[in-house]
Amino acid sequence: MRDFFKGFRMFGQGLGILLRSPRLLLIGALPALLTTLLLIGGVVALAFWIDDLSLLLTPFADDWSPGWQTTIRVAVGVAMFGVALAIAMIGFTAITLAVGGPFYEHIAEKVEDDLGGVPGAVDLSWGRLLVLGLKDGLALVLRSLMFTIPLLIAGFIPVVGQTVVPVLLALVTAWFLALELIAVPFYRRGMGLKQRRPLLRRHRALALGLGLPVSLLCLIPFAALIVMPVGFVGGVLVAREVLAADAADQLHRAA
C-alpha cells in the first residue's frame, strides 16, 4: 500500500508541476483533445446501440422469464460497456502519446531537466516516436484483450458481474495505462516496451497508484484534457523512481 500511495502522490506532484507551468499543460492537452473527440464519438455510438448488442449476444435468454432476461441482458450491457471503456482508455493513451509524441517528449525533457536531466538522452524524431508509440500501443491493447475478454464473459455472472468484475477491470486498465504513461521517459533512454514492462512489474503497486486515478478521472467527459498531461508528468516521476530503484539493485548485486 505504501507504493500504491506513492504512485498516487506522484500523480498529484504531476498536477503541481503543470500548475506551475500552464504552458506545458496546454501543450499536453492538445493531443488529448483530438483523441478525446474521436473516442467520445465511438463511446456515444456504443451507448446508443448497447441494447441491440445485448440482445444480439444473448439469444439463449429469449425464452427466459422477464426478470432473468432483463438481469442477464443488463449484466451483458454493463460488462460490454465496461470492457469497451477499458479498451478505449488504453487505446486513447496509445493514440494520444503516439500522435503527440513531440509534445510529450518536450514536456518530459523540461520536467527531467528540472530534476537533474538524463545523461545521453536519445533524440527521437516525430516519425520515430509515432512508430514506437503505435507499435507498443497496439501490443498493449492486444495484450489487454487477454484480460478484458474473460472479464466480459464473467460479466454474465449475476452479482459478481456487477461488483467484482468492474473492480478487476479498473485494475487491469490502470496497469496497462501506467505502462503507456511511462513510455516516453524510457524511449529517451533508448528503452522500449520489453524493458519497461518487467521493471514496472516489480513495482506493480506504484504503477497502479498512478494508473488508477488517471483511468477513473478520464471517465469524466473532457477531464482527460487535464488528466492526461498530469498523468504523463506523473509517469515521468514514476519512470525515474523505477529506473533509480533498478540501478540501485544492480549496484547492490554487483557489490
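In this text, all values refer to a predicted model and were calculated from it rather than measured experimentally.

Points about the overall build of the protein chain
For the protein chain, the helix and strand inventory stands at ten helices and zero strands. Going residue by residue from the N terminus, the α and β elements of the protein chain occur as α-α-α-α-α-α-α-α-α-α. A compact globule built from 255 residues would reach a C-alpha radius of gyration of about 18 Å, and the protein chain, at 20 Å, matches this within 12%. Overall, the C-alpha framework of the protein chain stretches about 65 × 40 × 30 Å when taken along its three principal axes. The buried share of the protein chain, taken over its 255 residues, is 48%. Here the analysis covers contacts within the protein chain between residues at least 6 apart in sequence; of these, 81% occur between residues at least 24 apart. Of the side chains in the protein chain, 20 bear a positive and 16 a negative charge, and the two mean positions are spaced by 7 Å.

Some words on the pattern of salt bridges
Using the criterion set out here, one finds six salt bridges in the structure. Between Lys6 and Glu241 there is a salt bridge, and its shortest N-O distance comes to 3.1 Å. Of the two residues, Lys6 is situated in helix α1 (residues 2-19) and Glu241 in helix α10 (residues 224-254); the sequence distance between them amounts to 235 residues. Assessed through its relative accessible area of 24%, Lys6 is described here as partly exposed. The exposure class of Glu241 is partly exposed, given its relative accessible area of 30%. Across the salt bridge formed by Asp246 and Arg202, the nearest N and O atoms sit 3.0 Å from each other.

Thoughts on the environment of Ala245
Position of Ala245 relative to the elements: it lies in helix α10. By relative accessible area, which is 22% here, Ala245 ends up partly exposed. With 46 residues separating them in the primary sequence, Ala245 and Leu199 have C-alpha atoms 9.3 Å apart.

Concerning a nonpolar patch on the surface
A cluster of nonpolar side chains, contributed by Ile157, Val160, Val164, Val167, Leu168 and Leu171, occupies part of the molecular surface with about 450 Å² of accessible area. Following the sequence through the fold, Leu168 ends up in helix α6 (residues 160-181). Assessed through its relative accessible area of 39%, Leu168 is described here as partly exposed.

Section: the packing of aromatic side chains
Enumeration according to the criterion identifies three aromatic pairs in this entry. Their ring planes at 80° and their centres at 5.5 Å tell us that Phe4 and Phe5 sit as a pair that is edge-to-face. Residue class for Phe5 comes out partly exposed when judged on its relative accessible area of 43%. Taking 5.9 Å as the distance between ring centres and 55° as the angle between the ring planes, the aromatic pair formed by Phe147 and Phe176 counts as tilted.

Comments concerning a negative patch on the surface
Together, Glu109, Asp113, Asp114 and Asp123 make up a negatively charged patch on the protein surface. Mapping Asp114 onto the fold places it in helix α4 (residues 101-114).

Quick look at the nonpolar core
Grouped together as the largest cluster of nonpolar side chains are 58 residues, with contacts concentrated most on Tyr104, Ile107, Trp175, Leu200, Val214, Phe232 and Val238. Per-element accounting of this core gives the leading share, 13 residues, to α10. When near neighbours in sequence (up to four residues on either side) are disregarded, Ile107 contacts Leu24, Ile27, Gly28, Phe232 and Val233. In this structure, Leu46, Ile50, Val76 and Met80 belong to the second largest nonpolar core, which totals six residues.

Cut-offs used in this document
- Residues numbered from 1 in each chain as written.
- Predicted model: local features only at pLDDT ≥ 70, side-chain atom pairs only at ≥ 80, totals over all residues.
- Heavy atoms only, no water.
- Helix = DSSP H or I, 4+ residues; strand = E, 2+ residues; numbered from the N terminus.
- Rg over C-alpha atoms; globule rule 2.2 N^0.38 Å.
- Buried < 20%, exposed > 50% of the residue type's maximum accessible area, 1.4 Å probe, protein only.
- Contact = heavy atoms within 4.5 Å.
- Lys, Arg positive; Asp, Glu negative; His and termini not counted.
- Charge placed at Lys NZ, Arg CZ, Asp CG, Glu CD.
- Salt bridge = Lys/Arg side-chain N within 4 Å of Asp/Glu carboxyl O.
- Patch = residues over 30% accessible without salt bridge, like charges linked within 9 Å, V, L, I, M, F, W, Y side chains within 5 Å.
- Areas by Shrake-Rupley, 256 points an atom, 1.4 Å probe, with all protein chains shown as cover.
- Phe/Tyr/Trp six-rings, centres within 6.5 Å; stacked < 30°, edge-to-face > 60°.
- Core = buried A, V, L, I, M, F, W, Y, C linked by side-chain atoms within 4.5 Å.

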